[in-house]
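# Examining the three-dimensional arrangement
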Amino acid sequence: MSDEEDEKPRHFHEMELDDRILKAIAKLGWLQPTMIQEKAIPLLLEGKDVLVRARTGSGKTAAFAIPVIQRILCSKKLATEQAIKALILAPSKELCHQICGVVKDLTYKCSREVRCIDIAPQVDLSVQKPLLVEKPDIVVGTPARTLQHLKAGNLNLKKSLEMVVVDEADLVFSFGYEDEIKELMGYMPKIYQAILASATLSNDVKNLKSLILHNPVTLKLEEPDLAPASSKQNLYCSCFGLVCK
Ligand SMILES: Nc1ncnc2c1ncn2[C@@H]1O[C@H](COP(=O)(O)OP(=O)(O)OP(=O)(O)O)[C@@H](O)[C@H]1O
């Protein structure tokens, strides 16, 4: 392939994605992948561990959500029983809610096949237990909340989990979740695909990287924001109190 061809922007329909995902992307009005999506999606579909480092608003959420959904749809073709396949960890309730929203948007054409639940809300564990008993394909939660359910025996990831995502990895340790993450590792299967998404490469992210990822590919991309500055600032204000960037 020539350099020129190599640099040609890819399109979502060239990524061998399930038709139902492509329809959802079209409904969202996304004409082509962002730079980070273009690089990350094929690597993640190959099953590689990836550290996705890109600025906020670059489309990191869909960069990991699309391959997670694609892999689940593929495994459903062969699977005989329902199982939790992906765990997405994020440092705040608001972010978990936002991630679950993106997954729901991307699965609107296959919402029966790919079910996602957000366990971050601080309701009594017994309220969420029945949802986990049904083994949703994707569980989204903060490290602390996820650990509570694991300890209570409401979640069992050892047998079925295939993918672990840590979003906003640069904030996970600074939000005080280091101990929980370390403890969570004891509940993971031996083999799984891991993804870290982060805006920066702090020492905390390096620590997380060595804890969670195996021979990862590191993607570092700078590209213009997609989200307008004002909405981005609002997002950060609502998610992280005073952490405005
Ligand atoms: N391929 C695309 N084309 C157009 N818009 C997109 C595309 N991918 C994502 N977006 C939109 O861009 C915005 C930013 O995406 P997203 O929140 O995933 O970025 P992010 O890098 O995860 O940011 P953050 O670090 O704040 O979580 C969202 O409004 C999302 O809907």
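All values derive from a computational prediction rather than experimental measurement.

Turning to the UniProt feature "domain: Helicase ATP-binding" (unreviewed entry) in the protein, a few remarks are in order. Per the UniProt annotation, the sites labelled "domain: Helicase ATP-binding" (unreviewed entry) are residues 41–219. Between the first and last C-alpha atoms of residues 41–219 the distance is 11 Å; the span itself is 42% helix and 16% strand.

With that settled, the discussion passes to the site of the ligand. Near the ligand, the surroundings consist of 16 residues, among which Gln32, Gln37, Thr56, Gly57 and Thr61 are the closest. A distance of 3.0 Å separates a nitrogen atom of the ligand from a polar backbone atom of glutamine 32. Within the side chain of glutamate 168, a nitrogen or oxygen atom sits 3.3 Å from an oxygen atom of the ligand. Considered on its own, the ligand offers 630 Å² of accessible surface; in the complex 79% of this is hidden by protein. Of the residues contributing to the shell around the ligand, the split by class is five nonpolar, eight polar and three charged.

What follows is about the packing of helix H3 (residues 35–45) against helix H4 (residues 60–76). Contact geometry for H3 and H4: axes closest at 9 Å, N-to-C directions at 30°. As far as their axial angle goes, H4 and H3 are roughly parallel. Two packed elements cross with a definite hand, and for H3 against H4 that hand is right-handed. Within the contact between the two elements, H3 uses Ile36, Gln37, Ala40, Ile41, Leu44 and Leu45 and H4 uses Lys60, Ala62, Ala63, Phe64, Ile66, Pro67, Gln70 and Arg71. In the contact of H3 with H4, the residues fall into ten nonpolar, two polar and two charged.

Evaluation of the coordinates by the stated rule reveals nine salt bridges. With its nearest N and O atoms 3.5 Å apart, the salt bridge here joins lysine 23 to aspartate 19. You can see lysine 23 and its partner aspartate 19 sitting in helix H2 (residues 19–28), four residues apart, about one turn around the helix. In this structure, the salt-bridge partner of arginine 115 is glutamate 134, at a minimum N-O distance of 3.4 Å. In this pair, arginine 115 is assigned in the loop between helix H5 (93–106) and strand S3 (116–118) and glutamate 134 in the loop between helix H6 (125–133) and strand S4 (138–141), connecting sequence segments 19 residues apart. Overlapping salt bridges bring together Asp18, Arg20 and Glu113 as one network.

Positive phi is not limited to glycine here, since glutamate 16 has a value of about 55°. Tracing the sequence through the fold places glutamate 16 in the loop between helix H1 (3–7) and H2. By relative accessible area, which is 71% here, glutamate 16 ends up exposed. The backbone of asparagine 215 shows a phi angle near 40°, a positive value even though the residue is not glycine. Mapped onto the elements, asparagine 215 comes out in the loop between helix H10 (203–212) and strand S7 (217–221). Owing to a relative accessible area of 77%, asparagine 215 belongs among the exposed residues under this scheme.

Each pocket or cavity is described by its volume, and for the second largest pocket that value is around 280 Å³. As for the second largest pocket, its lining consists of 14 residues, and the residues nearest its centre are Ala83, Lys135, Asn156, Lys159 and Ser160.

The next point concerns the sheet that holds S3. In spatial order, the strands read S3-S4-S2-S5-S6-S1-S7; together these seven strands make up an open sheet with parallel pairing. Each edge of the open sheet is held by one strand with a lone partner, namely S3 and S7. Across the sheet, the axes of successive neighbouring strands diverge by a mean angle of 15°, strand direction being ignored. As judged from the four bridges shared by strand S1 (residues 50–54) and strand S6 (residues 193–198), these two strands associate in the parallel manner. Each residue of the ladder has a partner; that of valine 50, found in S6, is isoleucine 195.

Right, let's talk about the UniProt feature "short sequence motif: Q motif" (unreviewed entry) in the protein for a bit. Mapped onto the present numbering, the UniProt feature "short sequence motif: Q motif" (unreviewed entry) falls at residues 10–38. In this annotation, residues 10–38 is assigned 48% helix and 0% strand; the end-to-end C-alpha distance for the span is 7 Å.

This part covers the packing of aromatic side chains. Counted according to the given criterion, the structure contains zero aromatic pairs. A cation over a ring is seen here: lysine 27 above tyrosine 108, with NZ or CZ 4.4 Å from the ring centre.

Conventions and cut-offs
- Residues numbered from 1 in each chain as written.
- Predicted model: local features only at pLDDT ≥ 70, side-chain atom pairs only at ≥ 80, totals over all residues.
- Heavy atoms only, no water.
- UniProt positions renumbered as here; feature names shortened; annotations may be inferred.
- Helix = DSSP H or I, 4+ residues; strand = E, 2+ residues; numbered from the N terminus.
- Near = heavy atom within 4 Å.
- Polar contact = N/O pair within 3.5 Å; in protein donor to acceptor, adjacent residues only side chain to side chain.
- Areas by Shrake-Rupley, 256 points an atom, 1.4 Å probe, with all protein chains shown as cover.
- Nonpolar A, V, L, I, M, F, W, Y, C, P; charged D, E, K, R; others polar.
- Axes fitted to C-alpha atoms, helices over the stretch in contact; angles between N-to-C directions.
- Parallel < 35°, antiparallel > 145°, perpendicular 65-115°, else oblique.
- Left-handed = near helix turned anticlockwise from the far one by under 90°.
- Contact = heavy atoms within 4.5 Å.
- Salt bridge = Lys/Arg side-chain N within 4 Å of Asp/Glu carboxyl O.
- Buried < 20%, exposed > 50% of the residue type's maximum accessible area, 1.4 Å probe, protein only.
- 1 Å grid on protein atoms, 1.4 Å probe; cavity = no way out; pocket = protein on both sides within 12 Å on 5 of 7 lines; lining within 4 Å.
- Points joined across faces, edges and corners; volume = space filled by probe spheres on them.
- Pairing = 2+ DSSP bridges.
- Phe/Tyr/Trp six-rings, centres within 6.5 Å; stacked < 30°, edge-to-face > 60°.
- Lys NZ or Arg CZ within 6 Å of the ring centre and 35° of its normal.

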